[in-house]
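# Overview (structure and organization)
The chain contents come next:
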Amino acid sequence: MHRHRDSEIQALGDDALMKLLADESPEGLTTAKTAFRILFERHGGLVLGYCTRIVGDKALAEDTAQDVWMKVIKSAKQYEARAQLRPWLLTLTRNTSLNALRDRRDWSELDTEEAGDDSHASTLKLLLDKSESNQIRIALQQLPAPQRTALSLFLIEELSYEEIAQAMALKLSTIKTHIHRGRLALIATLSESGGRK
Amino acid sequence: MSDKNWFEEKPTDGLSSQIQRAAEHELERRGRLSQTERRRLLDFAWLTPLAFAALAGIWFTWRNDKTETTDSSIADLELLAIEVADIDLLVDADSDYEFFDDLDVLEEITDEDFNV
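These figures come from a predicted structure and were not determined experimentally.

Here the focus is the pattern of salt bridges. When their charged atoms lie close together, side chains carrying opposite charge are able to pair. All names here are of chain A. On inspection of all chains with the given rule, the structure shows 10 salt bridges over all chains. Measuring nitrogen to oxygen at the nearest pair gives 2.8 Å for the salt bridge that ties Asp 14 to Arg 42. Residue Asp 14 is found in helix H2 (residues 14-22), and its partner Arg 42 is found in helix H3 (residues 29-55); the two are separated by 28 residues along the sequence. Here Glu 41 makes a salt bridge to Arg 37, at a shortest N to O gap of 3.3 Å. Note that Glu 41 and Arg 37 are positioned in helix H3 at a spacing of four residues, about one turn of the helix. Under the relative-accessibility criterion, Arg 37 is labelled partly exposed at 26%. What you see here is one network of salt bridges that share partners, running through Asp 6, Arg 37 and Glu 41.

Structure representation (structure tokens):
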């Protein structure tokens, strides 16, 4: 019977699972645990991957991912079904990762030279389309922390420059610089690895 | 893009079980907490009718003590004021200001100074 219940829960959508997770009654504990397991199976990769893209460090990313999932449990009650889980989860992951980075005071060398134009955007998009996911991950990993974070927010969550500046608590011109430099570096790495293939 | 979610990264088995364990612990803790809160609420539930009765009693007493202002009560008050004023005048007329005699500073004051 328990197995049957599990499969029933497995068939539910994200919003319904979040509702089960929000149930704090003792009767709902087993169901909440199952709901969490399914949510983690579905979105565990998204959260960990996004954490890694932002914080860079594997160990810190794993700790941050765990923090994110604990926050999912704690704020399940506040989750509104109409908000959709994926963007909500991405926002939660981004904020937690940025806080983790801030706690670590990872970025120190922040220069504010003017950013170049966006002409490299299409080149980068073309390269991203052609490249293997592993190549992109490695290329992104090689960038300095602020560039990697800014570029990840730009590429993954498609935030605007202003939104990224707000999220990272940095000046708009600094964000533009980081994204510009990050793009150039990413293009260089991806073109190089593409040429080697 | 070759892989739609190129930034996704499958957690290792070790990390997955670690997060699952932490989540189960958190869910159990949350359940215990809500149970304690519920019990605490029940413990004090009997106070509600008592508090209500006390408030009702206070209100009832206050309501009964409050003097109603009617036309007749205003008339009574006016009559009382007139009577008090009359008595004052009577006292003033009879006293003949004898009590002022002991006060040197007021020696020069005559009856004319008091326009009674």
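All names here are of chain A. Where helix H4 (residues 58-74) meets helix H5 (residues 85-104), the closest approach of the two axes is 9 Å, and the angle between their N-to-C directions is 130 degrees. With respect to their mutual orientation, H4 and H5 come out oblique. Crossing of H4 over H5 shows right-handed handedness. Here H4 contributes Leu 60, Thr 64, Asp 67, Val 68, Trp 69, Lys 71 and Val 72 to the contact with H5, which in turn contributes Trp 88, Leu 89, Leu 92, Thr 93, Thr 96, Ser 97, Ala 100 and Arg 104. Across the contact of H4 with H5, the residue classes break down as eight nonpolar, four polar and three charged.

A word on the confidence of the model for chain A. When pLDDT is averaged along chain A, the result is 82; 82% of the residues meet or exceed 70. Within chain A, H4(A) carries the highest mean pLDDT (94), whereas helix H6 (residues 120-130) of chain A carries the lowest (65).

Thresholds, definitions, all that
Residues numbered from 1 in each chain as written. Chains lettered and ligands numbered in written order. Predicted model: local features only at pLDDT ≥ 70, side-chain atom pairs only at ≥ 80, totals over all residues. Heavy atoms only, no water. Salt bridge = Lys/Arg side-chain N within 4 Å of Asp/Glu carboxyl O. Helix = DSSP H or I, 4+ residues; strand = E, 2+ residues; numbered from the N terminus. Buried < 20%, exposed > 50% of the residue type's maximum accessible area, 1.4 Å probe, protein only. Axes fitted to C-alpha atoms, helices over the stretch in contact; angles between N-to-C directions. Parallel < 35°, antiparallel > 145°, perpendicular 65-115°, else oblique. Left-handed = near helix turned anticlockwise from the far one by under 90°. Contact = heavy atoms within 4.5 Å. Nonpolar A, V, L, I, M, F, W, Y, C, P; charged D, E, K, R; others polar. pLDDT = per-residue confidence, 0-100.

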